[in-house]
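Results of the structural survey
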Amino acid sequence: MNLASYRPSNGLVTFLCFLLGANALLRLVGAGAAWLDIEMLGKYTSFEQISEAEFITAGLRALLVLALSSLVFILTAIVFCVWVVRAAKNARALGAQGMTVSPGWCAGWFFVPIASLFMPFKGVCEIYKASEPAVPPANPEGWKGVPVPALLGAWWAFWIIGLVVNNASIGFGSGNSIDTLIASSWISMGGQTVSMLGAFAALGVVRLIHDRQQHRAHALSQNPALAQAGSGASSFLPHAPAA
């Protein structure tokens, strides 16, 4: 354990949560835009006249939503990677041993085909468990028995489903028929909704891990005897308040 290497992440977490909230908002806007496209295309199938202005407005709306969503998503991905690396390092600084996913690979696995479907989740689960305030410093691998809350599973499920559905909507959108475009818009609306829920779940995961690490760091700093590796201290640290 090396408390001196623990780095508080208050500012980083605040910024990341803001970005995740912005992602959720833009996904909601994207779902609304898809619904407007469905209504416009529905007019065409009902043989109602669609003005050129409506087509232009729909195109500009789609481009604006795509540009803003992509920009915020990329920025969020970068900040999330910075945060997850720091959180993994902090878990080790707070005494956890035996973690199998290195800090760098907690972020790196997101960019490896196939492995990106499960390894990042494993890394975040390890960080969550290793940040457990109730595990005594004298048992540095005691975190392995800590259960993972449903929130982490929900976050990862929303993330994977959102990727699949949004990619499917792009494939459908390449068709030329009105029915195909309508189907693409429905799929896009579903994908945007799932991604919005995923952004909210990710925000909860970030806050939960951050609060656990803060609580453990505070408890150890208030009781230096507990922080001494191999001190034989066996009493558990107090549990963190419920999120």
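All values derive from a computational prediction rather than experimental measurement.

Regarding the overall build of the chain
Counting its regular elements, the chain contains seven helices and zero strands. Expressed as a percentage of its 243 residues, the buried residues of the chain come to 43%. In the chain, of all internal contacts separated by at least 6 residues, the share reaching a separation of at least 24 is 75%. Here the chain has roughly 12400 Å² of accessible surface; of this, 68% comes from carbon and sulfur atoms.

Re the side chain of S188
Inspection of the secondary structure puts S188 in helix α6 (residues 178–222). Once you skip the residues sitting within four places of it in the chain, S188 turns out to touch A34, N166 and S169.

Here we look at the packing of aromatic side chains
Aromatic ring pairs are reported here in terms of the distance separating the ring centres and the angle at which the planes meet. Within the structure shown, the criterion is met by 10 aromatic pairs. Arranged with centres 5.4 Å apart and planes meeting at 55°, the rings of F80 and W83 form a pair that is tilted. Here W83 and F80 lie together in helix α2 (residues 52–93), a separation of three residues that amounts to about one turn. Relative to W156, the ring of F121 has its centre 6.0 Å away and its plane inclined at 25°; by these criteria the two rings are stacked. Of the two residues, F121 is situated in helix α4 (residues 119–130) and W156 in helix α5 (residues 150–173); the sequence distance between them amounts to 35 residues. For F121, a relative accessible area of 23% puts it in the partly exposed group. The side chain of R212 reaches across the aromatic face of Y128, ending 3.8 Å from its centre.

Description of the nonpolar core
Counting 40 residues, the largest nonpolar core has F80, W83, V84, I127, W155, V206 and I209 as its most contacted members. Elements supplying a minimum of two residues to this core: α1 (10–45), α2, α3 (103–108), α4, α5 and α6. For this core, the leading source of residues is α2, giving nine residues. In this structure, W155 is in contact with F80, F121, V124, G198, A201, A202 and V205, ignoring residues within four places of it in sequence.

A few points about the layout of surface pockets
A volume near 1500 Å³ is recorded for the largest pocket. Along its surface, the largest pocket is lined by 47 residues, and R27, L66, S69, N166 and Q192 are the ones closest to its centre. With 14 residues, α2 is the single largest residue contributor to the lining of the largest pocket. Of the residues belonging to the lining of the largest pocket, the class tally is 25 nonpolar, 19 polar and three charged.

Conventions and cut-offs
- Residues numbered from 1 in each chain as written.
- Predicted model: local features only at pLDDT ≥ 70, side-chain atom pairs only at ≥ 80, totals over all residues.
- Heavy atoms only, no water.
- Helix = DSSP H or I, 4+ residues; strand = E, 2+ residues; numbered from the N terminus.
- Buried < 20%, exposed > 50% of the residue type's maximum accessible area, 1.4 Å probe, protein only.
- Contact = heavy atoms within 4.5 Å.
- Areas by Shrake-Rupley, 256 points an atom, 1.4 Å probe, with all protein chains shown as cover.
- Phe/Tyr/Trp six-rings, centres within 6.5 Å; stacked < 30°, edge-to-face > 60°.
- Lys NZ or Arg CZ within 6 Å of the ring centre and 35° of its normal.
- Core = buried A, V, L, I, M, F, W, Y, C linked by side-chain atoms within 4.5 Å.
- 1 Å grid on protein atoms, 1.4 Å probe; cavity = no way out; pocket = protein on both sides within 12 Å on 5 of 7 lines; lining within 4 Å.
- Points joined across faces, edges and corners; volume = space filled by probe spheres on them.
- Nonpolar A, V, L, I, M, F, W, Y, C, P; charged D, E, K, R; others polar.

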